[in-house]
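# Descriptive analysis of the structure
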Amino acid sequence: LVRSVTLLSKYKERFMSKKQELKDEILRIWKIYQFSKDAFLYSWYLHKPKTQDEFEYINTIHFLDFTRHILWRISVIELCKLFLDNEKEDFNLLKFIRKLKPGNDFGSLKFDEVLLNEWENKIESLKDSIEYLRDLRHEIYGHTDRTRSDLSGKEKSFEEINELFVITEQIIKNVNRF
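### Re the overall build of the chain
When helices and strands are counted, the chain shows seven helices and zero strands. Along the chain, helices (α) and strands (β) appear in the sequence α-α-α-α-α-α-α when read from the amino end. Of all 178 residues assigned to the chain, the portion counted as buried reaches 39%. Taking all contacts inside the chain whose residues are at least 6 apart in sequence as the whole, residues at least 24 apart take part in 70%. Roughly 11100 Å² of accessible area belongs to the chain as shown, and the carbon and sulfur atoms make up 53% of that amount.

### Re the pattern of salt bridges
Going through the model one piece at a time under the given rule, you end up with 13 salt bridges. Put simply, Glu120 and Lys101 hold a salt bridge, and the shortest N to O gap is 2.8 Å. With Glu120 in helix α5 (residues 113–125) and Lys101 in the loop between α4 (93–100) and α5, this pair connects stretches of sequence that are 19 residues apart. For the pair Glu120 and Lys101, a shared accessibility class is recorded, and that class is buried. Among the salt bridges present, the one from Glu169 reaches Lys173, with a minimum N-O distance of 3.0 Å. Highlighted residues: Glu169 and Lys173, both in helix α7 (residues 158–177), separated by four residues, approximately one helical turn.

### Remarks on the packing of aromatic side chains
Under the definition given, this model contains seven aromatic pairs. Members of the aromatic cluster, each reached through a chain of ring pairs, are Tyr33, Phe40, Trp44, Trp72, Phe158 and Phe165.

### Concerning the layout of surface pockets
In this model, the largest pocket occupies a volume close to 190 Å³. Taken together, His47, Asp65, Arg68, His69, Trp72, Tyr132, Leu136, Tyr141, Glu155, Lys156 and Phe158 make up the lining of the largest pocket. Contributing elements (two or more residues each) for the lining of the largest pocket: α3 (62–83) and α6 (127–141). The element that contributes the greatest number of residues to the lining of the largest pocket is α3, accounting for four residues. For the lining of the largest pocket, the class distribution of residues is five nonpolar, two polar and four charged.

### Description of the packing of α3 against α7
Close contact between α3 and α7 brings their axes to 12 Å; oriented N to C, the two are set at 45 degrees. Here α7 runs oblique to α3, going by the angle between their axes. Handedness of the crossing formed by α3 with α7: left-handed. Contacts between α3 and α7 involve Trp72, Ser75, Leu79, Leu82 and Phe83 on the former and, on the latter, Phe158, Ile161, Leu164, Phe165, Ile167 and Thr168.

### Digging into the environment of Ile167
Within the secondary structure, Ile167 is located in helix α7. Among the residues examined, Ile167 registers a relative accessible area of 1% and is labelled buried. Those residues in contact with Ile167 that sit more than four places away from it in its chain are Phe83, Trp119, Lys122, Ile123 and Leu126.

About the thresholds
Residues numbered from 1 in each chain as written. Predicted model: local features only at pLDDT ≥ 70, side-chain atom pairs only at ≥ 80, totals over all residues. Heavy atoms only, no water. Helix = DSSP H or I, 4+ residues; strand = E, 2+ residues; numbered from the N terminus. Buried < 20%, exposed > 50% of the residue type's maximum accessible area, 1.4 Å probe, protein only. Contact = heavy atoms within 4.5 Å. Areas by Shrake-Rupley, 256 points an atom, 1.4 Å probe, with all protein chains shown as cover. Salt bridge = Lys/Arg side-chain N within 4 Å of Asp/Glu carboxyl O. Phe/Tyr/Trp six-rings, centres within 6.5 Å; stacked < 30°, edge-to-face > 60°. 1 Å grid on protein atoms, 1.4 Å probe; cavity = no way out; pocket = protein on both sides within 12 Å on 5 of 7 lines; lining within 4 Å. Points joined across faces, edges and corners; volume = space filled by probe spheres on them. Nonpolar A, V, L, I, M, F, W, Y, C, P; charged D, E, K, R; others polar. Axes fitted to C-alpha atoms, helices over the stretch in contact; angles between N-to-C directions. Parallel < 35°, antiparallel > 145°, perpendicular 65-115°, else oblique. Left-handed = near helix turned anticlockwise from the far one by under 90°.

Written as structure tokens, this is what we have:
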């Protein structure tokens with residue numbers, strides 16, 4: 001009986017440390033998400049204000065024009081951290097979702113595999129927007145010393161990019177409920 005209690009205690013301790021590790025990781029993802037979303041929403045407003053007068057005013061003030069562009073750049077760079085599926089990006093969501101699956105880092109926590117697959121499918125459906133952001137980051141914003149690539153015709157609307165925030169928020173909320 002003592003041995004069973006000891007094993008149970010060790011399992012519970014390991015399980016709780018995995019939950020804490022998961023909370024720590026989702027907190028870092030949330031911080032990237034929040035920083036990017038704040039920059040995105042301000043940029044969106046400065047690009048598409050509510051009135052024509054505001055639009056004209058913003059376009060005549062260099063500081064506001066510069067600010068909306070810098071906020072957009074920040075948003076692109078931070079979103080790429082969440083959505084580029086490569087080993088360099090420690091907090092990309094696809095890597096995070098894989099960690100939640102059985103046999104991986106947080107598999108012992110038994111997340112709903114159907115939900116995990118839904119998240120992966122939703123991210124896959126946003127592939128064009130993700131690739132657009134990647135191209136902006138790598139081809140234009142990250143390498144200003146090179147000849148710029150022409151991304152005309154590939155632009156994505158603020159509404160399309162906003163879908164990346166929607167799925168990120170869904171993941172964060174579901175994991176925080178766990």
